Amino acid sequence: MNIALIQQVKSQFLELYKKEPILVFSPGRINIIGEHTDYNDGFVFPAAVDKGIAAAISKSDSGKSTAHALDFESTVEFDLDKLKPSKEGSWENYVFGVVAEIQNRNKVIGNFNIMFAGDIPAGSGMSSSAALENSVVFGLNELFNLGLSKHDMILISQKAEHNYVGVNCGIMDQYASMFGIENNALLLDCRTVKSKPYEIDFKDHQLMLINTNVKHSLSDSAYNDRRSACENIAGLLNIKALRDATESDLLAVKDEVTPENYQKALYVIQENDRAVKASKAIEENDLETLGQLIYASHDGLSNQYKVSCDELDFLVDLAKSNQEVLGARMMGGGFGGCTINLVSKAEAKAFADTASKAYRKQFNKDCSVYFVQLSQGTHLV
Ligand code: GLA
């Protein structure tokens, strides 16, 4: 957790509102494996990290509510009774969406002021949006004693994303951000929304993120399209979600779907299987197998699910050519953001340097390297 970030938000809040706020820290997440499986009721393997959103919040007696995004130097004032989504891409939709979803559950909140700042690079695929949504719902729950459970809160955050942001996301990001455990990754069953923690200690290996610093447009609509394609195929198979299908079930409807969508559904079935196998590999401390599963995940994301991009593929290819990197893949929704790499501790820095130079040469821009700590989920500070 970034103490300086919390101090900054607190002092700016005090300066502007002259009132002691409640402080919340809500983390972003990484995901070891299990990508685009969450909205297919499948398995994912995320962990909360030490980067996230710091929010300060208190009741307002001015008759209005305000939200202040320090990173964008932007403030919005709003009326709790007249909420509607702002134009697409506006940061305030994360705040409005959460408020509206709380109200939809017949919970009553009064006016409030919220101020926040973050240290998750935008578009990095580390879920700054879920971190923000969770900080808002968590803060409001405290402030107005709403009696919401953490499970209620993540469903509110997810609905905010669906209805106000326009991304029909699964539950992985909100779950990992809310329920994260220090030094652990969570094998989450997205059907039961229950997880099993795995203490992560890769001994002489570690996880390293490389951010392409790109986010290609249309990623939201591409995301929603893929989700619909998966749901349509599940419908054809007469099952609730692709989680329930085997490769041979899928084969039976091959002629009824486009070759592209067939590959996408096949990817989901295989990725779900890989997530479960990865948890076994971790239990057995078999990092070679884990690494192979991670590379195979990228292959599927790139060639079957088609959510990668040149920059991500380039970084994964570089990793493959280095024996000290056991596995690498794109992480999150795709079309940009980070790769996650399982790399030997001794070689991590050298690989980061080589990758950075090669990336600059290839794309004429810089990538960024992060080492993250697996951390506690959304909490009061
Ligand atoms: C985004 C979504 C998640 C999940 C991932 C892909 O991060 O918010 O719900 O679907 O993409 O695994």
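What counts, and where the lines are drawn
- Residues numbered from 1 in each chain as written.
- Predicted model: local features only at pLDDT ≥ 70, side-chain atom pairs only at ≥ 80, totals over all residues.
- Heavy atoms only, no water.
- Pairing = 2+ DSSP bridges.
- Helix = DSSP H or I, 4+ residues; strand = E, 2+ residues; numbered from the N terminus.
- Contact = heavy atoms within 4.5 Å.
- Axes fitted to C-alpha atoms, helices over the stretch in contact; angles between N-to-C directions.
- Left-handed = near helix turned anticlockwise from the far one by under 90°.
- Nonpolar A, V, L, I, M, F, W, Y, C, P; charged D, E, K, R; others polar.
- Salt bridge = Lys/Arg side-chain N within 4 Å of Asp/Glu carboxyl O.
- Buried < 20%, exposed > 50% of the residue type's maximum accessible area, 1.4 Å probe, protein only.

### A word on the sheet that holds strand S8 (residues 194-199)
One open sheet accounts for three strands, arranged S2-S7-S8; its pairing is antiparallel. On the outer flanks of this sheet lie strand S2 (43-44) and S8, each paired with one strand and no other. Both S2 and strand S7 (residues 184-189) contribute to a ladder of two bridges, which runs antiparallel. When the bridges of S7 are listed, Val-44 appears paired with Leu-188. Relative to S7, helix H5 (residues 172-179) is tilted by about 140 degrees, and along the sheet it contacts S2, S7 and S8.

### Describing the packing of helix H2 (residues 92-104) against helix H4 (residues 150-165)
Helices that pack against each other are described as a pair by the angle of their axes relative to one another and the distance between those axes. As a packed pair, H2 and H4 sit with axes 8 Å apart at the nearest point and diverge in direction by 120 degrees. You can see that H2 and H4 cross each other, and the crossing is right-handed. In this structure, H2 uses Asn-93, Tyr-94, Phe-96, Gly-97, Val-98, Ala-100, Glu-101 and Ile-102 to contact H4, whose residues at the interface are Ile-156, Lys-159, Ala-160, Glu-161, Asn-163, Tyr-164 and Val-165. Considering only residue class, the contact of H2 with H4 consists of nine nonpolar, three polar and three charged.

### Here's the deal with the pattern of salt bridges
Following the criterion strictly, the structure yields 18 salt bridges and no others. Close ionic contact of Lys-196 with Glu-283 constitutes a salt bridge, the shortest N to O distance being 3.4 Å. In this pair, Lys-196 is assigned in strand S8 and Glu-283 in helix H8 (residues 259-283), connecting sequence segments 87 residues apart. Using a relative accessible area of 44% as the deciding quantity, one classes Lys-196 as partly exposed. Overall, the relative accessible area of 48% leaves Glu-283 in the partly exposed class. The closest approach of N and O atoms between Arg-227 and Glu-231, which form a salt bridge, is 2.9 Å.

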